[in-house]
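Close look at the chain arrangement
Each chain is listed here by its residues.
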Amino acid sequence: MGAQKSIHAGKAKIDVNVDLTHKLYAAMMLSPFRNSGGPLSLIIGSLCIKHPNLFGGSEKLDVFWDKGLYDTNILVAYRRPRPEWLPQQSVVVQHSISPEIGVHGLPIDNFSQSGSGGVNLCRSSVGLELSEPASSNWSSTTSVKFEHVRPMSDEGRPISRDLDGFPVTCSGGAHDSMVVLKQETRYARANDSCFNRFSLQIEQGIPVLSKWLVFNRFKFAGTKGIKLGPAFLLTSVTGGSIVGDMAPYQAFAIGGLGSVRGYGEGAVGTGRSCVVANSELTFPLSKLLEGAIFIDYGSDLGSGRLVPGNPALRQSKPGSGVGIGYGLRFKSKFGHFQVDYAMNSYQQKTVYFNITNVSS
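None of the values given here were measured: they were computed from a predicted structure.

Moving on, we get to the environment of isoleucine 49. Of note, isoleucine 49 is situated in strand E3 (residues 44-51). Taking the C-alpha atoms as reference, isoleucine 49 lies 9.5 Å from valine 76; in sequence the two are 27 residues apart.

Next up, the structure:
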């Protein structure tokens, strides 16, 4: 249900992708909360423009635009050529609008779905990114960016408080501003029978001005895959924490696809800290089809009450939860299709659909 087209305009390459399939997943997992904006609001797609030699000196310009049912993201990256042994520099400008369902969404149907909390985030940022040359199995990226965050209602009006009257920004006003220094380190190693991946992100809010946010936030993710005969076992653990100044939208949201299946987005908990563990066993059913069984667990480690306004308590989120289920994986040269059937701790069942890597 998607279409992709590549166009060459001189040295530039333009990739256009229009997709109607993700609408099925969004319609099942998110309760309708925004009035239709006409036929174009039902289209999901992306536009990618890449120029490999912008000014004749091998400068690269990448422009990405993604549109979902309720969100949009625009990213512009400019890269100057440098010797391979030096960090590669990129200037990145980004603007996005998305519903803040993970924190302010309302869990419904025994936490299996999430409805709108009436809060959307408009984020604008500009920054410099340095990618260090890969050494053995390790790589790292350092970036510094200025970020401006402005909450909006479903109707597009600026807001400073949620539906219960609690502030949705750290400043208490209509927006937050911050300068963030970020360091990310990654490790990856693989062979024929297994692979290991680990990443660590550390973000530091720099107090350039007295009203700007000052915080330290870290997040880690570890993944291990083991081949067990024809089957494959994949286990991962992610977690993180934040100290210092904090707005509700910076909290860790637990629940949903990619977190704890069987729950709606953010329906397990919203905390200053979190840990999520996933384990999935896949096994071949045919040449193109695989079966899967999985178990997910997530917890806010009792930190939900430390989030400003305590949205998790007001929405009666449990703070921890388990999801179990089974699914199918269909892989072909045209794309990967995934369907999961999950049940949460309240014995509420949920079906997830996901389609990736769709190509012409």
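Before going further, it helps to spend a moment on the side chain of glutamate 280. Mapping glutamate 280 onto the fold places it in strand E17 (residues 273-284). For glutamate 280, a relative accessible area of 14% translates into the label buried. Among the polar contacts made by the side chain of glutamate 280, one reaches the side chain of arginine 261 at a distance of 3.0 Å. With residues up to four places along the chain from it excluded, the contact list for glutamate 280 reads Phe232, Leu233, Leu234, Arg261, Ala292, Ile293, Phe294 and Arg329.

Along the chain, the position of tyrosine 341 falls in strand E20 (residues 335-343). Residue classification places tyrosine 341 among the partly exposed residues on the basis of a relative accessible area of 29%. Taking the C-alpha atoms as reference points, tyrosine 341 and isoleucine 324, separated by 17 residues in sequence, lie 8.4 Å from one another. Look past the residues within four positions of tyrosine 341 in its chain and what remains in contact with it is Phe294, Ile324, Gly325, Tyr326, Lys349, Thr350 and Val351.

Right, let's talk about the pattern of salt bridges for a bit. Here the structure, examined in full by the defined rule, presents 12 salt bridges. Put simply, arginine 314 and aspartate 162 hold a salt bridge, and the shortest N to O gap is 3.1 Å. Linking arginine 314 in helix H3 (residues 311-314) with aspartate 162 in the loop between strand E10 (138-152) and strand E11 (176-190), this pair joins segments that are 152 residues apart in sequence. Classification of arginine 314 by relative accessible area gives partly exposed; the value is 27%. On the basis of relative accessible area, aspartate 162 is assigned to the buried category, the value being 11%. Taken together, the shared-partner salt bridges in this structure form one network comprising Arg261, Glu280, Asp296, Arg329 and Asp340.

What follows deals with the packing of aromatic side chains. Each aromatic ring pair is specified by the distance between its two centres and by the angle formed by the two planes. All told, the structure shown has 6 aromatic pairs when counted by the stated rule. The interplanar angle of 50° and the centroid separation of 4.9 Å between the aromatic rings of tryptophan 138 and tyrosine 187 together place this pair among those described as tilted. Taken together, the residues span a long stretch of sequence, with tryptophan 138 in strand E10 and tyrosine 187 in strand E11 at a distance of 49 residues. By relative accessible area, which is 21% here, tyrosine 187 ends up partly exposed. Pairing phenylalanine 146 with tryptophan 212 gives two aromatic rings, centres 5.4 Å apart and planes at 45°, and the pair type is tilted. Here phenylalanine 146, found in strand E10, pairs with tryptophan 212, found in the loop between strand E12 (194-206) and strand E13 (215-228); they are 66 residues apart in sequence, far enough to count as distant. Note on phenylalanine 146: relative accessible area 30%, which makes it partly exposed. Given a relative accessible area of 18%, tryptophan 212 falls into the buried group.

With that settled, the discussion passes to unusual backbone geometry. Located in the positive-phi region is aspartate 109, a residue other than glycine, with phi close to 50°. Among the secondary structure elements, aspartate 109 is positioned in the loop between strand E7 (106-108) and strand E8 (113-115). The exposure class assigned to aspartate 109 is partly exposed, which follows from its relative accessible area of 42%. A positive phi angle is found at asparagine 110, which is not glycine, with a value near 55°.

What counts and how
- Residues numbered from 1 in each chain as written.
- Predicted model: local features only at pLDDT ≥ 70, side-chain atom pairs only at ≥ 80, totals over all residues.
- Heavy atoms only, no water.
- Helix = DSSP H or I, 4+ residues; strand = E, 2+ residues; numbered from the N terminus.
- Buried < 20%, exposed > 50% of the residue type's maximum accessible area, 1.4 Å probe, protein only.
- Polar contact = N/O pair within 3.5 Å; in protein donor to acceptor, adjacent residues only side chain to side chain.
- Contact = heavy atoms within 4.5 Å.
- Salt bridge = Lys/Arg side-chain N within 4 Å of Asp/Glu carboxyl O.
- Phe/Tyr/Trp six-rings, centres within 6.5 Å; stacked < 30°, edge-to-face > 60°.

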